[in-house]
Amino acid sequence: MTTPEQDALAATTVRADRAAEQGGTRPTQDAIWDALAKVPDPEIPVVSIVELGIVRGVEWTAAGLEVRVTPTYSGCPATGLIVDGIHAALADAGVVDAKVSTVLSPPWTTDWLAPEARAKLAGFGIAPPGPAASRIEVSGISALRRAREPVRCPRCGSTQTALLAQFGSTACKALYRCESCREPFDYFKPH
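Residues numbered from 1 in each chain as written. Predicted model: local features only at pLDDT ≥ 70, side-chain atom pairs only at ≥ 80, totals over all residues. Heavy atoms only, no water.

## Description of the overall build of the protein chain
Phase 1: Along the backbone of the protein chain there are five helices and nine strands.
Phase 2: The linear arrangement of helices and strands in the protein chain, starting from the amino end, is α-α-α-β-β-α-β-α-β-β-β-β-β-β.
Phase 3: Within the span of the protein chain, comprising 191 residues, buried residues form 39% of the whole.
Phase 4: Within the protein chain, counting contacts between residues at least 6 apart in sequence, those at least 24 apart form 54% of the total. (Helix = DSSP H or I, 4+ residues; strand = E, 2+ residues; numbered from the N terminus. Buried < 20%, exposed > 50% of the residue type's maximum accessible area, 1.4 Å probe, protein only. Contact = heavy atoms within 4.5 Å.)

## Digging into the sheet that holds strand β9 (residues 184-188)
Phase 1: Pairing is mixed in the open sheet, where four strands are placed in the order β4-β9-β8-β7. The sheet terminates laterally at β4 (126-127) and β7 (161-165), the two strands that pair on one side only. (Pairing = 2+ DSSP bridges.)

## A few points about the nonpolar core
Phase 1: Ranked by internal contacts, the top residues of the largest apolar core, which has 32 residues, are Leu 36, Leu 65, Val 67, Ile 86, Leu 90 and Phe 188.
Phase 2: Elements supplying a minimum of two residues to this core: α2 (29-36), α3 (49-52), β1 (55-61), β2 (64-69), α4 (79-92) and α5 (115-123).
Phase 3: Ignoring sequence-local partners within four residues, the contact set of Val 67 consists of Leu 36, Val 55, Gly 57, Val 58, Ile 86, Leu 90, Lys 99, Val 100 and Ser 101.
Phase 4: Counting eight residues, the second largest nonpolar core, distinct from the first, contains Val 151, Tyr 176, Phe 185 and Tyr 187. (Core = buried A, V, L, I, M, F, W, Y, C linked by side-chain atoms within 4.5 Å.)

## Some details on the pattern of salt bridges
Phase 1: Counted by the stated rule, this structure contains four salt bridges.
Phase 2: Notably, a salt bridge pairs Arg 68 with Glu 59, separated by 3.4 Å at the nearest N-O pair.
Phase 3: Residue Glu 59 is classed as partly exposed on the basis of its relative accessible area of 38%.
Phase 4: Across the pair Arg 177 and Glu 179 runs a salt bridge, and its minimum N-O distance is 3.6 Å. (Salt bridge = Lys/Arg side-chain N within 4 Å of Asp/Glu carboxyl O.)

## Remarks on the packing of aromatic side chains
Phase 1: Using the criterion set out here, one finds three aromatic pairs in the structure.
Phase 2: Look at Tyr 176 and Phe 185: their rings are 5.9 Å apart centre to centre, the planes differ by 25 degrees, and that puts the pair in the stacked class. Each of the two residues, Tyr 176 as well as Phe 185, counts as buried.
Phase 3: In this structure an aromatic cluster arises from ring pairing among Tyr 176, Phe 185 and Tyr 187. (Phe/Tyr/Trp six-rings, centres within 6.5 Å; stacked < 30°, edge-to-face > 60°.)

## A word on the sheet that holds β2
Phase 1: Ordered by their spatial adjacency, three strands build an open sheet running β1-β2-β3, and the pairing between neighbours is mixed. Strands with a single pairing partner mark the edges of an open sheet, and in this sheet they are β1 and β3 (99-102). With strand direction ignored, the average angle separating the axes of adjacent strands in the sheet is 20 degrees.
Phase 2: α2 rests against β1 and β2 of the sheet, and its axis sits at about 140 degrees to β1.
Phase 3: Along the sheet face, α4 touches β2 and β3 and points at about 145 degrees away from the line of β2. (Axes fitted to C-alpha atoms, helices over the stretch in contact; angles between N-to-C directions.)

## Remarks on the pairing of strand β8 (residues 173-178)
Phase 1: In this sheet, β8 lies alongside β7 in antiparallel orientation, the contact comprising four bridges. When the sheet's bridge partners are listed, Leu 163 is paired in β8 with Tyr 176.
Phase 2: Both β8 and β9 contribute to a ladder of five bridges, which runs antiparallel. Bridge pairing in β9 places Lys 173 opposite Phe 188.
Phase 3: Hairpin geometry of β8 and β9 is characterised by an intervening segment of five residues between the two adjacent antiparallel strands and by a positive phi of about 70 degrees at Arg 182.

Here you go:
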């Protein structure tokens, strides 16, 4: 019995082998970006890694294709799955032996989210982060982060919401409840 991660890695290897047998190709930058735009975020599959803004650059070098990514935070447990997804998408596009580099500086920020990602998050039931004006602040000596602007419920649109837990389904989200429709929801923390 294999895990889903092992199955994904095996499928990536098969696709890379098939691309190598075909001699590989050198797709255009647009074709590469299109392939990467099909790679879903493993934790929030309604948005792609391109829409999340974690793909920092794509460049052909003497050694081949290099893709630079910045995870949403340095300890993100989905990073390995994202790299596997990148390799699989590029193999499907005919790119053999692409190098994926992790770039931690400057750190990823929710300002890099594409507008369509914000809309998709809300449609998926996750409140998207506010604009830069609602950056996280540290109040007093507490390390709890609070948004300056009220968090809007992605279901009914109410701003009458309350923080239930600093961490939601993943570390990059907080758990809120709407006081109007009484539904709990994740809020993608701005940072």
